[in-house]
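Now for the letters of each chain:
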Amino acid sequence: MGLLTIGTFAKASRLSPKALRLYDELGLLPPARVDPVSGYRLYAPEQLDQARLVAWLRRLGMPLARIQHICTLESAAAAQEIRAFWAQVEADTAARRDLASFLIDHLSWKDPAMSPTTKPLGIRYAALSDTGLVRESNQDTAYAGSRLLAVADGYGSAGAPASAAAVDALKRLETDSIPACDLLNVLEDAIEQAKQAVNGVAGPGSSPEEAGTTLTAMLWTGSQLALVHIGDSRVYLLRDGELFQITHDHTMVQSMVDEGRLTPEEAVSHPQRALLIRALGQGADATHDMRLHDTQHGDRYLLCSDGLSSVVQTEEVRRVLSEITEPEQAVRELIALANGSGGPDNISCVVADVTELQQ
């Protein structure tokens, strides 16, 4: 078979002539020959496979620069790159879905009208932070109040003041009366203030290693908990005896698991398992997750730094939360378990129970 005209090649590859001209200009899909007299582009039949791949990748929404890179790879490496791209698309979609859900719940939520048979809900809580058995100082901050629950895990030479500054920036939510219609904006403003507070700890021009922190917090609204999350501290929910992790770690290793490059089992012992891809600090990506959780009487929430989650098995955490009824005793037992496993990091825990208020 001889060379194909641009019209024939476009039809066979499912790419428009306009797209083919653009890809030629970018060097992505140059024609086999350009007629020196007419200037017509002519394509070889063996170029169809690459052209169809380009068409499929464009249908995925992949940027042209990344497509160009994939076209230089062997099949196995190209497949891995596509897998990584799609994992990122799914992660971005999930983040947008969470925000959409938040907005839907936020805009449709109204202060519940309490019927005579409905009892108002509240929370009882305890917070505790411990240095652990290896670190010389504690860079964690844990806080629990009647409305705000928070854990921050600082890092760098000024990690302790960074985590404290992040939590302090949210403490005004403890006393503010926040109308339901203002909840989203108030939380966004609070996170921005926390970001500025952390950046102010190290000062302008400081390196990212000097001061940074994770921040995971929940704001009690009366019947819901609003969650904001940046980093690898975690929130777990114990409901009806089952334990659910309701945050997603913002770490390099977790992103590799999401992309299929690591198994969850390999991630546990990976040497870079603590490397953050989102945090509060100079030069860090401070993009946060946000969602609302409808609560039920009997729910128990655990907020913790990775000093607990990285060394204590999930089943042990579930056992403690299920068997120990008092929040203060539960946080003490969880920290004891982490120290019993070597206590290699600072450990912070907040336990909060959703209860019926006495009238």
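Residues numbered from 1 in each chain as written. Predicted model: local features only at pLDDT ≥ 70, side-chain atom pairs only at ≥ 80, totals over all residues. Heavy atoms only, no water.

### Details of the overall build of the protein chain
Phase 1: Across its full length, the protein chain carries 12 helices and 15 strands.
Phase 2: Reported as C-alpha extents along the three principal axes, the dimensions of the protein chain are approximately 90 × 50 × 45 Å.
Phase 3: The burial tally for the protein chain puts 46% of its 359 residues in the buried class.
Phase 4: Relative to all contacts within the protein chain whose residues are 6 or more apart in sequence, the contacts with residues 24 or more apart total 65%.
Phase 5: Split by element, the accessible area of the protein chain, about 18,100 Å² in all, is 52% carbon and sulfur.
Phase 6: Of the charged side chains in the protein chain, 31 are positive and 47 negative; the average position of the first set lies 9 Å away from that of the second. (Helix = DSSP H or I, 4+ residues; strand = E, 2+ residues; numbered from the N terminus. Buried < 20%, exposed > 50% of the residue type's maximum accessible area, 1.4 Å probe, protein only. Contact = heavy atoms within 4.5 Å. Areas by Shrake-Rupley, 256 points an atom, 1.4 Å probe, with all protein chains shown as cover. Lys, Arg positive; Asp, Glu negative; His and termini not counted. Charge placed at Lys NZ, Arg CZ, Asp CG, Glu CD.)

### Quick look at helix α2 (residues 17-25)
Two residues of an α-helix separated by three or four positions point the same way, owing to the 3.6 residues in each turn.
Phase 1: Buried residues of α2: A19, L20, Y23 and D24, and no others. Angularly, the buried residues of α2 cover 140° about the axis, an arc narrow enough to put them on a single face. Opposite the buried face of α2, by more than 90 degrees, sit the exposed residues K18 and E25.
Phase 2: Check the buried side of α2 and you find it contacts α1 (6-13), β3 (41-43), α3 (48-59) and α4 (64-70).
Phase 3: Directly beyond the C-terminal end of α2, a positive phi value near 80° is found at G27. (Arc of directions from axis to C-beta.)

### Points about the packing of α1 against α3
Phase 1: Contact pair α1 / α3: the axes reach a minimum separation of 9 Å and the direction vectors enclose 60°. Accordingly, the angle class assigned to the pair α1 and α3 is oblique. In terms of crossing hand, the pair formed by α1 and α3 is right-handed. In this structure, α1 uses F9, A12 and S13 to contact α3, whose residues at the interface are L48, A51, R52 and A55.
Phase 2: A breakdown of the residues in the contact of α1 with α3 according to their chemical character gives five nonpolar, one polar and one charged. (Axes fitted to C-alpha atoms, helices over the stretch in contact; angles between N-to-C directions. Parallel < 35°, antiparallel > 145°, perpendicular 65-115°, else oblique. Left-handed = near helix turned anticlockwise from the far one by under 90°. Nonpolar A, V, L, I, M, F, W, Y, C, P; charged D, E, K, R; others polar.)

### Some remarks on the sheet that holds strand β15 (residues 347-356)
Phase 1: Read from one edge to the other, the open sheet built from five strands follows the order β4-β15-β14-β10-β11, with strand pairing classed as antiparallel. Only two strands of the sheet have a single partner each, and these edge strands are β4 (121-130) and β11 (242-245). On average, each strand axis in the sheet is tilted by 20° relative to the strand beside it, whichever way the strands run.
Phase 2: Here strand β10 (residues 234-239) pairs with strand β14 (residues 300-304) via five bridges, running antiparallel. Paired with V235 across the two strands is L303, which belongs to β14. (Pairing = 2+ DSSP bridges.)

### Regarding the packing of aromatic side chains
Phase 1: Per the counting criterion, the structure on display carries one aromatic pair.
Phase 2: Measuring from ring centre to ring centre gives 4.3 Å for F9 and Y43, while their planes differ by 10°; the resulting arrangement is stacked. Taken together, the positions of F9 in helix α1 and Y43 in strand β3 put the pair 34 residues apart, joining distant regions of the chain.
Phase 3: Its relative accessible area of 0% is what places F9 among the buried residues. (Phe/Tyr/Trp six-rings, centres within 6.5 Å; stacked < 30°, edge-to-face > 60°.)

### Comments concerning the packing of α1 against α2
Phase 1: It is the contact of α1 with α2, at a shortest axis distance of 9 Å, that shows an interaxial angle of 100°. One element, α1, and the other, α2, form an angle in the roughly perpendicular class. Facing I6, F9 and A10 of α1, the residues of α2 in contact are P17, L20 and R21.
Phase 2: Residues of the contact of α1 with α2, tallied by class, amount to five nonpolar, no polar and one charged.

### Considering the sheet that holds strand β1 (residues 4-5)
Phase 1: One open sheet holds the three strands; their spatial order is β1-β3-β2, and the pairing between them is antiparallel. Whereas interior strands pair on both sides, the edge strands pair on one side only; in this sheet they are β1 and β2 (33-34).
Phase 2: Where β1 meets β3, two bridges bridge the pair, whose relative direction is antiparallel. Residue L4 lies in a different strand from β3, and its bridge partner there is Y43.

### A look at the pattern of salt bridges
Phase 1: If you walk through the whole model with that rule in mind, you get 14 salt bridges.
Phase 2: Across the pair K171 and D168 runs a salt bridge whose closest N-O atoms are separated by 3.2 Å.
Phase 3: When the shortest N-O distance is used, the salt bridge between R234 and D249 registers 2.6 Å. Here R234, found in strand β10, pairs with D249, found in the loop between β11 and α8 (252-258); they are 15 residues apart in sequence, far enough to count as distant. Assigned by exposure class, R234 and D249 land together as buried. (Salt bridge = Lys/Arg side-chain N within 4 Å of Asp/Glu carboxyl O.)

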